[in-house]
Amino acid sequence: MKKLVALAAVLAVLAGGAAQAQEQAINLYSARHYSTDEALYADFTKTTGIKINRVDADDAGIIARLKAEGSASPADVILLVDAARLWRGEQDGLFLPVKSKVLEDAIPANLRAAPAADGGIPWFGLSTRARVVVYDKIKVRRADVDTYEELGDPKNKGKLCIRSGSHPYNLSLFGAVTEHLGAEKAEVWLKGMVDNMARAPKGGDTDQIKGVASGECQIAVTNSYYLARLMRSGKPEDQAVVERVGVVFPNQDSWGTHVNVAGGAVARHSRNTAGAVKFLEYLASPAAQNHFANGNNEWPAAKGVSFDNPALKSMTAGGKFKSETIPISAVGANQVKVQQMLDRVGFK
Ligand code: FE
């Protein structure tokens, strides 16, 4: 009898579950490639009961997939890790603008898309990361690498390691520099970096930092969280890398350090927009924002979130630095121009 009651209960749950299935799960397309995020997703499911079915791909892969799937796409939420790609997704009409007081109150206007015609916001920045310079503390003077411009200066010939110019992190940095310097000077700068390379671009940001520590390069470009990850690593080999390198937040005396955002949007053809918005609101909550700061060493995007990350604090003056203020749309709009410049100067 007990068994029958239990079975009936299970069937009831299944029947109810079928009706509510859409609310009980969201399909997430994510370009966030950070293992520490697992705890974030688990916490969301625990608090809301909404399961997350996740598809992992890089920014370009997700955008291509959404386009191919069109209105048949099962995607509810999209997380991308680059401002220009978020801008691209918006231009391509892949996002459903969201009206959420929670999100609008939490995320500053400069870290989210401009309102669409219906007043909804197409995407929200959820965390930020600085594109910084690391250098060999023994061989390089800090004063020779404290601006982006100096990465292309002949005085740094043969010293630079940097990942592919066509990677979104670099395209966005170069798009920002193009906005600051103008296209003509930006192209000279890009050519200067090609001339300064210690080796042809290869690997990710962490590989560039390690290249400095191993002596293959003397200067490298990386997102701040990759360095913070090494700083907080218990591995002796990582500690040895950190010992050897200095870090600069470039252009503190001029237009400020280039900052990129990772962010989220509701998919245009989502069948569970309520669940999708709930997930984005969760990611903007103090708990989740803290997780971005403490788990993945990013800066929170939401206003007034305090965090205690020793690596972020020691990298900067107590966690603070001057960041650039150009609109993200300008960075996105420069992408095609930048890729053409890269092709002309032979920046692979
Ligand atoms: Fe990354």
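Residues numbered from 1 in each chain as written. Predicted model: local features only at pLDDT ≥ 70, side-chain atom pairs only at ≥ 80, totals over all residues. Heavy atoms only, no water.

### Remarks on helix H2 (residues 38-48)
Phase 1: Residues of H2 that are buried: Leu 40, Tyr 41 and Phe 44. Along H2, the residues classed as buried sweep out an arc of 95° about the axis, all on the same side.
Phase 2: On its buried face, H2 is in contact with strand S1 (25-30), strand S2 (51-56), strand S3 (77-80), helix H11 (273-283) and helix H12 (286-295).
Phase 3: After H2 finishes, the residue Gly 49 shows a positive phi value of roughly 80°. (Buried < 20%, exposed > 50% of the residue type's maximum accessible area, 1.4 Å probe, protein only. Helix = DSSP H or I, 4+ residues; strand = E, 2+ residues; numbered from the N terminus. Arc of directions from axis to C-beta. Contact = heavy atoms within 4.5 Å.)

### Focus: the domain arrangement of the protein
Phase 1: What the domain assignment reports for the protein is domain 1 (24-127 + 260-309) and domain 2 (130-258 + 326-345).
Phase 2: A C-alpha centroid distance of 27 Å is found between domain 1 and domain 2.
Phase 3: Taken together, the contacts link 19 residues of domain 1 with 17 residues of domain 2.
Phase 4: A combined buried area of about 1500 Å² lies between domain 1 and domain 2, and 58% of that area is made up of carbon and sulfur atoms.
Phase 5: For domain 1, the biggest contributors to the area lost against domain 2 are Trp 87, Asn 260 and Asn 297; these three give 34% of the whole.
Phase 6: Linking domain 1 with domain 2 are 8 residue pairs in polar contact (both at pLDDT 80 or more), by the criterion used here.
Phase 7: Only helix H4 (83-91), strand S9 (259-267) and H12 provide two or more residues apiece to the side of domain 1 that touches domain 2.
Phase 8: Per-element tally for the side of domain 1 that touches domain 2: the top contributor is H4, with 4 residues.
Phase 9: Across the side of domain 1 that touches domain 2, the residue classes break down as 9 nonpolar, 7 polar and 3 charged. (Domains from an automatic or database assignment. Buried area = accessible area lost by both parts, 1.4 Å probe. Polar contact = N/O pair within 3.5 Å; in protein donor to acceptor, adjacent residues only side chain to side chain. Nonpolar A, V, L, I, M, F, W, Y, C, P; charged D, E, K, R; others polar.)

### Here we look at the packing of helix H6 (residues 168-181) against helix H15 (residues 335-345)
Phase 1: Axis separation between H6 and H15 bottoms out at 9 Å; the angle between their running directions is 100°. For the element pair H6 / H15, the angle class is roughly perpendicular. Contacts between H6 and H15 involve Leu 171, Ser 172, Phe 174, Gly 175 and Thr 178 from the former and Gln 335, Lys 337, Val 338, Gln 339, Met 341 and Leu 342 from the latter. (Axes fitted to C-alpha atoms, helices over the stretch in contact; angles between N-to-C directions. Parallel < 35°, antiparallel > 145°, perpendicular 65-115°, else oblique.)

### Remarks on the coordination of the iron ion
Phase 1: Around the iron ion, the donor atoms from the protein are His 33 (NE2), Tyr 34 (OH), Tyr 169 (OH), Tyr 225 (OH) and Tyr 226 (OH), and they sit 2.0 to 2.7 Å away.
Phase 2: Binding-site remark: the iron ion is held by donors from one chain whose sequence spacing is H-Y-x134-Y-x55-Y-Y. Taken together, the positions of Tyr 34 in the loop between S1 and H2 and Tyr 225 in helix H9 (residues 224-231) put the pair 191 residues apart, joining distant regions of the chain.
Phase 3: On the accessibility criterion, Tyr 34 (4% relative accessible area) is buried.
Phase 4: What makes Tyr 225 buried here is its relative accessible area of 0%. (Donors = N, O, S within 2.8 Å, 3.2 Å for Na, K, Ca; no water.)

### With respect to the state of the cysteines
Phase 1: Enumeration according to the criterion identifies 1 disulfide in this entry.
Phase 2: Two residues, Cys 161 and Cys 217, share a disulfide whose sulfurs are 2.1 Å apart. Note on the Cys 161 and Cys 217 pair: the S-S dihedral is about -85°, so by sign convention the disulfide is left-handed. Taken together, the residues Cys 161 in strand S6 (residues 160-161) and Cys 217 in the loop between helix H8 (205-214) and strand S7 (219-223) connect sequence positions 56 residues apart.
Phase 3: The exposure class of Cys 161 is buried, given its relative accessible area of 0%.
Phase 4: Owing to a relative accessible area of 1%, Cys 217 belongs among the buried residues under this scheme. (Disulfide = S-S within 2.5 Å.)

### So, the nonpolar core
Phase 1: Judged by nonpolar contacts, the single largest core of 77 residues is most densely connected at Leu 79, Ile 107 and Phe 279.
Phase 2: In this structure, Leu 160, Val 338, Met 341 and Leu 342 belong to the second largest nonpolar core, which totals 26 residues. (Core = buried A, V, L, I, M, F, W, Y, C linked by side-chain atoms within 4.5 Å.)

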